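# Notes for the structure review
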Amino acid sequence: QVVLAESGGGLVQAGGSLNLSCQASGRTFNTYAAGWFRQAAGKEREFVAGNNYGPTYGTSVKGRFTIVRNYLKMTVDLQMDNLKSEDTAVYYCNARPRSSDWSQTTEGFWGQGTQVTVSS
């Protein structure tokens with residue numbers, strides 16, 4: 001069993017930065033791939049960034065977001081720079097089997113989510 005808890009969301013102006021953090025509990029967490037998804041109002045859940053032996057990014061955030069995983073602390077952070085209004089969404093931390101594809105938007109364990117709002 002893996003339990004995930006996100007923190008760090010909030011309101012920021014366009015062009016600004018935020019850092020989201022996900023704290024995991026559960027001894028098996030380090031055996032999973034871990035990443036972030038987001039869901040904007042009225043839209044489907046979208047892959048943002050993942051770490052599975054190395055980083056992977058969604059097209060819309062590549063070059064602006066950075067995922068950092070700390071196996072000792074069992075955290076996975078998402079540094080978000082140059083934020084845009086279209087980044088507004090609830091952001092979810094996710095842990096899944098390393099064999100899983102990031103296109104599967106319901107796979108694995110999920111946190112409760114943290115709201116990120118970018119004002120233009």
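Structure first, text after, so check above.
For every chain, the first residue of its written sequence is number 1, and the numbers climb from 1 along that sequence. Reporting in this predicted model follows two pLDDT cut-offs: at least 70 for local features of residues, and 80 or more for side-chain atom pairs to be given and counted; totals over whole chains, interfaces and linings ignore these cut-offs and use all residues. With hydrogens and water stripped out, all remaining heavy atoms of the structure feed into the side-chain values.

## Overview of the state of the cysteines
The condition is simple: Note on terminology: disulfide denotes any pair of cysteine sulfur atoms within 2.5 Å. Only DSSP runs of H or I reaching four residues or more are called helices, and only runs of E reaching two or more are called strands; each is numbered from the N terminus.
Going through the model one piece at a time under the given rule, you end up with 1 disulfide. Disulfide pairing places Cys22 opposite Cys93 at an S-S distance of 2.1 Å. Measuring the twist about the S-S bond at about -85 degrees, one finds the Cys22-Cys93 disulfide to be left-handed. With a gap of 71 residues between them, Cys22 in strand E3 (residues 18-25) and Cys93 in strand E9 (residues 89-96) connect regions that are remote in the sequence.

## Describing the nonpolar core
The criterion, for reference: Nonpolar cores are built from buried Ala, Val, Leu, Ile, Met, Phe, Trp, Tyr and Cys residues. Side-chain atoms within 4.5 Å join them into one set. Exposure classes here rest on a 1.4 Å probe applied to the protein chains alone. A residue is buried below 20% of its type maximum, exposed above 50%, and partly exposed in between. Residue contacts are defined here by distance: any two heavy atoms, one from each residue, within 4.5 Å place the two residues in contact.
Trp36, Leu78, Met80 and Tyr91 are the most contacted members of the largest nonpolar core, which totals 27 residues. Listed by contribution, the elements that provide at least two residues to this core are E3, strand E4 (33-39), strand E5 (46-51), strand E7 (65-70), strand E8 (75-80), E9 and strand E11 (114-119). Contacts of Tyr91, omitting those with residues within four sequence positions, involve Glu6, Leu20, Trp36, Phe37, Arg38, Val48, Phe65, Leu78, Met80, Gly113, Thr114 and Val116.

## Details of the pattern of salt bridges
For clarity, the threshold we go by: The rule for a salt bridge is simple: a side-chain nitrogen of Lys or Arg has to be within 4 Å of a carboxyl oxygen of Asp or Glu.
Applying the stated criterion to the full structure yields 3 salt bridges. With a shortest N-O distance of 2.9 Å, Arg38 and Asp87 are connected by a salt bridge. Within this pair, whereas Arg38 is found in strand E4, its partner Asp87 is found in the loop between E8 and E9, the two being separated by 49 residues in sequence. Residue class for Asp87 comes out buried when judged on its relative accessible area of 0%. The salt bridge involving Arg64 is made with Asp87; its shortest N-O contact spans 2.8 Å. Of this pair, Arg64 sits in the loop between strand E6 (55-57) and E7 while Asp87 sits in the loop between E8 and E9, and the two are 23 residues apart along the sequence. One exposure class covers both Arg64 and Asp87, and it is buried.

## Here's the deal with the pairing of E4
Under the convention used in this document: When DSSP finds two or more bridges between two strands, those strands count as paired.
Of all the 7 residues making up E4, 6 are buried; the element is thus mostly covered by neighbouring parts of the structure. In this structure, E4 lies alongside E9, joined through 7 bridges in antiparallel fashion. Looking at the pairing, Ala33 lines up with Arg96 of E9. Sheet topology note: the E4/E5 ladder contains 5 bridges and is antiparallel. Looking at E5, one finds that Arg38 is bridged to Glu46. Count of turn residues in the E4/E5 antiparallel hairpin: 6 residues, of which Gly42 carries a positive phi of about 80 degrees.

## A few points about the side chain of Arg69
Keep this limit in mind: Think of it this way: Lys and Arg go in the positive column, Asp and Glu in the negative one, and His and the chain ends go nowhere. Between N or O atoms, a polar contact is any pair within 3.5 Å; within protein, one atom must be a potential hydrogen donor and the other a potential acceptor, and residues adjacent in sequence are included only when both atoms are from side chains.
On the secondary structure map, Arg69 appears in strand E7. Asp77 provides the closest opposite charge to the buried, salt-bridge-free Arg69, at an N-O distance of 10 Å. In terms of polar contacts, Arg69 uses its side chain to reach the backbone carbonyl oxygen of Phe29, at 3.0 Å. With residues near it in sequence (within four places) discarded, Arg69 still touches Phe29, Asn30, Tyr32, Ala33, Ala34, Asn51, Thr75, Val76 and Arg98.

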